[in-house]
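# Inside the fold
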Amino acid sequence: RTVEPLEYYRRFLKENCRPDGRELGEFRTTTVNIGKCLRSISTADGSALVKLGNTTVICGVKAELAAPAADSANKGYIVPNVELPSLCAERFRSGPPGEEAQAASQFIADVIENSQMIVKEDLCIANGKLAWVLYCDIICLDYDGNLLDASVFALLAALKNVQLPSVTINEETGLSEVNLKQKNPLIIRKHPVATSFAVFDDTLLIVDPTAEEEDLATGTVTIVTDEEGRLCSVHKPGGSPLTGAKLQDCITRAITRHKEVKKLIDKVIKSITPK
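Residues numbered from 1 in each chain as written. Predicted model: local features only at pLDDT ≥ 70, side-chain atom pairs only at ≥ 80, totals over all residues. Heavy atoms only, no water.

Under the annotation held in an unreviewed UniProt entry, the chain carries the name Exosome complex component RRP43 and is attributed to Eulacestoma nigropectus. Per UniProt, the chain has the following entry under Sequence similarities (unreviewed entry): "Belongs to the RNase PH family." (UniProt positions renumbered as here; feature names shortened; annotations may be inferred.)

Set out below in structure tokens:
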């Protein structure tokens, strides 16, 4: 495994399994904790912690009020930020965000935009005067591959946990008045779920790769779908090309995975909703 890692892996792949005992199309155990159970970030308006095998990601959403931009007076803002601190894996360094963290932040921003999970017009309170800004901080606590799937899952779970106070603008003073006793859940219009694959020897697809598998793979691809089976995003940062048939296979598997993740989120939300 240390001297010839690729040959070591190929021996397992020939038998249609992986060193951790999973089949090629098998995901690692996935768990999610939402909201109140995360006392460590009680200041957030919504929060979630997702574990995908050893990969652990936490997402906190903070809502603030701001004036909308002049060219989009009826829209609010969503600002995603992915952090990969040096504590989560040896490969990351302290300091400003590295290339991988920046690429992940951009990917999350694209998913929000393409899937229309939140319509920015829904965040507007008063046209041209006041809107919500959602700061979505996604922090990796333990990195063992497949950061994107875990990040999209944590973001969706945290957003579903957000409750925004009622805000009105006083006609006489022009000032905003916040009613903390009256809170409404965020309107989530779509539920995007990411499914990542690693490509081995340009032909073999394995799902939910670990960090080791990502390093040995000849490429990776991430497919994002919504609950209607609609394709929201395909993220393929270089690597070996995929045939149309292979890509279609990935999309079909991503749609199946979406149902599993959605069922898991719904189950957890039901368990924390007051009876």
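### A look at the overall build of the chain
The helix and strand tally for the chain stands at five helices and twelve strands. Referenced to the eigenvectors of the C-alpha coordinate spread, the extents of the chain come out at roughly 75 × 40 × 40 Å. Across the 275 residues that make up the chain, the buried fraction comes to 44%. Restricting to contacts in the chain with at least 6 residues of sequence separation, those with at least 24 account for 67%. If you sum the accessible surface of the chain, you get close to 14,300 Å²; carbon and sulfur atoms cover 51% of it. One finds the centroid of the 32 positive side-chain charges in the chain at a distance of 6 Å from the centroid of its 37 negative side-chain charges. (Helix = DSSP H or I, 4+ residues; strand = E, 2+ residues; numbered from the N terminus. Buried < 20%, exposed > 50% of the residue type's maximum accessible area, 1.4 Å probe, protein only. Contact = heavy atoms within 4.5 Å. Areas by Shrake-Rupley, 256 points an atom, 1.4 Å probe, with all protein chains shown as cover. Lys, Arg positive; Asp, Glu negative; His and termini not counted. Charge placed at Lys NZ, Arg CZ, Asp CG, Glu CD.)

### A short note on empty space enclosed by the protein
Applying the stated criterion across every chain yields a total of one cavity of 30 Å³ or more. The calculated volume of the largest cavity comes to roughly 90 Å³. Around the largest cavity sit Phe-27, Val-50, Leu-52, Asp-149, Ala-150, Val-152, Phe-153, Pro-192, Val-193, Ala-194, Arg-257 and Val-261, which together line it. Elements supplying a minimum of two residues to the lining of the largest cavity: strand 2 (46–52), helix 3 (147–159), strand 9 (193–200) and helix 5 (244–272). Top element by residues in the lining of the largest cavity is helix 3. It accounts for four residues. Each residue belonging to the lining of the largest cavity can be placed in one class, and the counts come to ten nonpolar, no polar and two charged. (1 Å grid on protein atoms, 1.4 Å probe; cavity = no way out; pocket = protein on both sides within 12 Å on 5 of 7 lines; lining within 4 Å. Points joined across faces, edges and corners; volume = space filled by probe spheres on them. Nonpolar A, V, L, I, M, F, W, Y, C, P; charged D, E, K, R; others polar.)

### Quick look at the UniProt feature "domain: Exoribonuclease phosphorolytic" (unreviewed entry) in the chain
The feature "domain: Exoribonuclease phosphorolytic" (unreviewed entry), as annotated in UniProt, sits at residues 26–165 and 192–255 in this numbering. Between the end C-alpha atoms of residues 192–255 the distance is 10 Å, and the span holds 28% helix and 38% strand.

### Let's talk about the environment of Glu-228
Here Glu-228 lies in the loop between strand 11 (219–225) and strand 12 (231–235). Distance from Glu-228 to Asn-54, taken between C-alpha atoms, is 30 Å for residues 174 residues apart in sequence.

### Examining the layout of surface pockets
The space that makes up the second largest pocket amounts to roughly 470 Å³. If you go around the second largest pocket, you meet 19 residues; those closest to its centre are Glu-100, Leu-148, Glu-214, Thr-220 and Pro-237. Those elements that place two or more of their residues in the lining of the second largest pocket are helix 2 (99–115), helix 3, strand 9, helix 4 (211–216) and strand 11. Of the residues forming the lining of the second largest pocket, the biggest block, four residues, is contributed by helix 2.

### Quick look at the packing of helix 2 against helix 3
At a closest axis distance of 11 Å, the pairing of helix 2 and helix 3 adopts a crossing angle of 50°. Judged on the interaxial angle alone, helix 3 and helix 2 are oblique. Pair helix 2 / helix 3 crosses with right-handed handedness. Facing Ala-104, Phe-107, Ile-108 and Ile-112 of helix 2, the residues of helix 3 in contact are Leu-147, Leu-148, Ser-151, Val-152 and Leu-155. When grouped by side-chain class, the residues that make up the contact of helix 2 with helix 3 number eight nonpolar, one polar and no charged. (Axes fitted to C-alpha atoms, helices over the stretch in contact; angles between N-to-C directions. Parallel < 35°, antiparallel > 145°, perpendicular 65-115°, else oblique. Left-handed = near helix turned anticlockwise from the far one by under 90°.)

### As for the packing of aromatic side chains
A full pass over the atoms with the stated rule returns four aromatic pairs. Judged by centre distance (5.9 Å) and plane angle (15°), the rings of Tyr-9 and Phe-200 are stacked. You can see Tyr-9 sitting in helix 1 (residues 5–14) and its partner Phe-200 sitting in strand 9, a full 191 residues away along the chain. These aromatic residues form a ring-pair network of at least three members: Tyr-8, Tyr-9, Phe-12 and Phe-200. Sitting above the plane of the Phe-27 ring, Arg-257 keeps its charged end 3.9 Å from the centroid. (Phe/Tyr/Trp six-rings, centres within 6.5 Å; stacked < 30°, edge-to-face > 60°. Lys NZ or Arg CZ within 6 Å of the ring centre and 35° of its normal.)

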